Amino acid sequence: MYKDGKIVVGRSSTDFVYMIPKMVNRHGLIAGATGTGKTITLKVLAESLSDMGVPVFLADIKGDVSGTCLAGTSSDKMTDRLNKMGIKDFNYHAYPVQFWDVFGKKGHPIRTTVSDMGPVLLSRLLELSDVQEGVLNIVFRIADDKKLLLLDLKDLRSMLSYVGENGQEFTTQYGNVTKQSVGSILRSLMALEDAGGDAFFGEPKLDIHDWMGRDPDGHGIVNILHCVELYQKPILYATFMLWLLNELFEVMPEVGDLDKPKIAFFFDEAHLLFTDAPKALVDKVVQVVKLIRSKGVGVYFITQNPADLPDPVLAQLGNRVQHALHGYTPAEQKAIRAASESFRPNKEFKTEDVIGELGIGEALTSFLDEQGTPSIVQRTKILPPMSNMGPADEATRTKFIKESNVYGKYEQAIDRESAFEILTAQTQKEQADKEAQEQAEADAKAAAAQAKADAAAAREQARTEAAQARAQAAASRAAARQPKSFQDKIIDKTINSLENQAIHALTRSIFGLLKK
């Protein structure tokens, strides 16, 4: 509840417990066992921030936070609780909500490009080894150098295949790329696609500024990410949330210390981010959490046990709400002691004992004062939320989605030319050129074979004709050498006699004419 310039979180045995708006960007922690009231605390903080005009982003793991878009309703139990806390002017009301969903089913789709996700987070998402992460870095570098956009997973798959097939070409400039490593990354990519991760990559990519709106009454927009399905894929959920946090860090300008934050980011089930996380990733989170406060962003981690978070991260969380922890085992008792030691002691009670005694809706709280010093720990009854504590029905959710200012901006995916299209066209051209070359070579071979066959046929024809000529000549010579037959001789003799008679007659005629 936002009142008198402060965020009223609850009431201790003596007074109201509140947060100072300008200390919200010093980050915070909401911890406690399952069912102790962490979600209620989250809603109370988110509503108060919205009332003071600060946009909020939070994850809805169970689907019950969606009721923030509806006004809460009074009950005898709630009225009695408020009366005991000394609150008379509690105003139940709804809040301006924008619903988001990575899969686009329960809210506006949220997408980013493969390039914007980057090789470090993508390696985490794909659960790659150090060697495979190195190969992925090379693939990203080659894509940048060749001006190939990596927008969605098919772009990355095409780029991986291209680098794997041409690894020798890149070895001297970028380093060794083995087909085995590329094959392993492709298998991990296939598993991510099977898990629905391909819905997260593409365009239009999320514009963080679409979170930053306010309604006409000045309330900050409460951006609720539907995570019921996404949470079933823990690594995808954790990596996605970290990308969102990093996107805020990259996009938001430096603003220094403000009277109130630009936006508050609530990271539920935060332990998933650090489970088996490599040191480089943890260092990245620590860096972002340290530096993002100067950009007017408050980050709040919600988890069961403070020990779920690395010490360098815990050291950055100045505002703390600790719900009950159970100490059934030595390890749990040790965790309780560690949690109690993170608070400034209160002489009225022993913190370690109280952590195990807290009821539902109760918490140990410590917030930064005006000078940035943690306050003494207080046993606090947390206020109820002003909005509905249950989930919104589908009709209401759909109404809010369609009435949102961003409706229609993200609903339809855009698939512009990128690495997949360029490499596919290049492969098709190379294949066409190869086929054309093979066809030309085949045609040349066929033409050469035909020419050879024609030459052989010509030679054969020449040999045949030569043989026929030789045979005819031989026949002529043989005929010339053969003795004439008796009939031929009689014919020759008759012809000769006739010729002689003709010549004799012609001679007499000539001489007769001369005598005349």
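You'll find the structure just up there.
The structure contained in this document is the topic of the report that follows. (Residues numbered from 1 in each chain as written. Predicted model: local features only at pLDDT ≥ 70, side-chain atom pairs only at ≥ 80, totals over all residues. Heavy atoms only, no water.)

Counting its secondary structure elements, the protein contains 16 helices and 13 strands. Taken along the three principal axes of its C-alpha coordinates, the protein extends 185 × 50 × 40 Å. Counting every position in the protein, which comprises 516 residues, the buried fraction comes to 46%. Within the protein, residue pairs in contact and separated by at least 24 positions form 77% of the contacts whose partners lie at least 6 positions apart. Side chains of the protein give 61 positive and 68 negative charges; the mean places of these two sets differ by 9 Å. (Helix = DSSP H or I, 4+ residues; strand = E, 2+ residues; numbered from the N terminus. Buried < 20%, exposed > 50% of the residue type's maximum accessible area, 1.4 Å probe, protein only. Contact = heavy atoms within 4.5 Å. Lys, Arg positive; Asp, Glu negative; His and termini not counted. Charge placed at Lys NZ, Arg CZ, Asp CG, Glu CD.)

Attention now moves to the layout of surface pockets. Put simply, the largest pocket is a space of about 370 Å³. Considering the residues around the largest pocket, the lining is formed by 17 residues, among which Met78, Arg81, Ile360, Gly361 and Ile382 are closest to the centre. At the level of secondary structure, the elements contributing two or more residues to the lining of the largest pocket comprise α1 (38-51), α2 (76-84) and β13 (378-382). Sorting elements by how many residues they give to the lining of the largest pocket places α2 first, with five residues. Within the lining of the largest pocket, the residues separate by chemical class into eight nonpolar, four polar and five charged. (1 Å grid on protein atoms, 1.4 Å probe; cavity = no way out; pocket = protein on both sides within 12 Å on 5 of 7 lines; lining within 4 Å. Points joined across faces, edges and corners; volume = space filled by probe spheres on them. Nonpolar A, V, L, I, M, F, W, Y, C, P; charged D, E, K, R; others polar.)

What follows concerns the pairing of strand β10 (residues 297-303). Within β10, seven of the seven residues are buried, which leaves it mostly tucked inside the rest of the structure. As defined by bridge partners, strand β4 (residues 28-31) adjoins β10 across four bridges and the pair is classed as parallel. Of the residues in β10, the one forming a bridge with alanine 31 is threonine 303. In terms of strand pairing, strand β9 (residues 263-267) meets β10 through five bridges, oriented parallel. Across the sheet, phenylalanine 267 pairs through a bridge with phenylalanine 301, a residue of β10. (Pairing = 2+ DSSP bridges.)

A full pass over the atoms with the stated rule returns 16 aromatic pairs. Aromatic rings pair up to connect Phe57, Trp211, Tyr231, Tyr237, Phe265, Phe267 and Phe301 into one cluster. The ring of phenylalanine 16 carries the charged tip of arginine 11 above its face, separated from the ring centre by 4.7 Å. Positioned above the aromatic ring of phenylalanine 400, the side-chain terminus of lysine 399 is 5.5 Å from the ring centre. (Phe/Tyr/Trp six-rings, centres within 6.5 Å; stacked < 30°, edge-to-face > 60°. Lys NZ or Arg CZ within 6 Å of the ring centre and 35° of its normal.)

Below, the discussion takes up the pattern of salt bridges. Scanning all chains against the criterion turns up 23 salt bridges. Aspartate 116 is the partner of lysine 205 in a salt bridge, and the nearest nitrogen-oxygen pair spans 2.5 Å. Of this pair, lysine 205 sits in the loop between α7 (179-194) and β8 (222-226) while aspartate 116 sits in helix α3 (residues 114-126); the two residues are 89 residues apart in sequence, bridging distant segments of the chain. Residue aspartate 116 is classed as partly exposed on the basis of its relative accessible area, which comes to 34%. Between arginine 157 and glutamate 193 there is a salt bridge whose closest N-O contact spans 2.2 Å. (Salt bridge = Lys/Arg side-chain N within 4 Å of Asp/Glu carboxyl O.)

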